[in-house]
Amino acid sequence: MRAGEIVRHALAEIISREDFRDPDLSNVIVTVGEVRCSPDLKHANIFVTPLGDDSEEGRKRLADALTRAKGFLRTRLGREIELKFTPELHFIADSSYDEATAIDRLLNDPRVRRDVESEG
């Protein structure tokens, strides 16, 4: 399993079971969509989104809140994973779901469907 997937699974588990004092993290279900580790495994970019809040503001608020808790999360992560280094955590608001929705909407446009069906 890749290091990014190990970190993703461990962080998702840690975030789901912890009770945070930060109001931006309490009662929020966090989706950890992807983790990209640097080649030396010392840094991890973590793409997150709050479940049920598709707004850009909600994603940004979540990423900022997790960034405030990154020291705590990194300590917990170090206890859970078996990597040479515990990576420095960088939380990023994940907009890939918006991009997928926009592509889906485009592909379902009647004009595009007509063109695709005429080529098939």
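Just above sits the structure.
In this text the structure is predicted, and so the values were computed from the model without any measurement. (Residues numbered from 1 in each chain as written. Predicted model: local features only at pLDDT ≥ 70, side-chain atom pairs only at ≥ 80, totals over all residues. Heavy atoms only, no water.)

(A) Local environment of the environment of L25. Structurally, the position occupied by L25 is in the loop between α1 (3-17) and β1 (30-37). With 37 residues separating them along the chain, L25 and L62 place their C-alpha atoms 6.9 Å apart. Discounting chain neighbours no more than four positions away, the residues touching L25 are F20, L62, A65, L66 and A69. (Helix = DSSP H or I, 4+ residues; strand = E, 2+ residues; numbered from the N terminus. Contact = heavy atoms within 4.5 Å.)

(B) Representation of the layout of surface pockets within the structure. Approximately 220 Å³ is the volume attributed to the largest pocket. Around the largest pocket sit A12, I15, S16, E18, D19, F20, L25, S26, N27, V28, I29 and V30, which together line it. Among the elements that line the lining of the largest pocket, the one with the most residues is α1, at 3 residues. (1 Å grid on protein atoms, 1.4 Å probe; cavity = no way out; pocket = protein on both sides within 12 Å on 5 of 7 lines; lining within 4 Å. Points joined across faces, edges and corners; volume = space filled by probe spheres on them.)

(C) Quick peek at the packing of aromatic side chains. Following the criterion strictly, the structure yields 1 aromatic pair and no others. Their ring planes at 85° and their centres at 6.0 Å tell us that F20 and F72 sit as a pair that is edge-to-face. Within this pair, whereas F20 is found in the loop between α1 and β1, its partner F72 is found in helix α3 (residues 70-80), the two being separated by 52 residues in sequence. The ring of F85 has K42 lying over it, and the distance from NZ or CZ to the ring centre is 4.7 Å. (Phe/Tyr/Trp six-rings, centres within 6.5 Å; stacked < 30°, edge-to-face > 60°. Lys NZ or Arg CZ within 6 Å of the ring centre and 35° of its normal.)

(D) The pattern of salt bridges, seen in detail. This structure, assessed with the given rule, holds 12 salt bridges. For R76, the salt bridge goes to E18, with nearest N and O atoms at 3.1 Å. Highlighted residues: R76 in helix α3 and E18 in the loop between α1 and β1, separated in sequence by 58 residues. By relative accessible area, R76 is classed as partly exposed at 23%. Overall, the relative accessible area of 18% leaves E18 in the buried class. Residues E34 and R36 are paired through a salt bridge, measuring 2.9 Å at the closest nitrogen-oxygen approach. (Salt bridge = Lys/Arg side-chain N within 4 Å of Asp/Glu carboxyl O. Buried < 20%, exposed > 50% of the residue type's maximum accessible area, 1.4 Å probe, protein only.)

(E) Here's a closer look at the nonpolar core. Membership of the largest hydrophobic core comes to 23 residues, with the highest contact counts inside it found for I46, V48, L66, L73 and F91. Looking at this core, the elements that each hand over two or more residues are α1, β1, β2 (43-50), α2 (56-68), α3 and β3 (88-93). Ranked by residues supplied to this core, first place goes to α1 with 5 residues. Contact partners of V48, with chain neighbours within four places excluded, come to V30, T31, V32, L62, A63, L66, F91, I92, A93 and D94. (Core = buried A, V, L, I, M, F, W, Y, C linked by side-chain atoms within 4.5 Å.)

Read these as layout, nothing more, since geometry by itself doesn't imply function.
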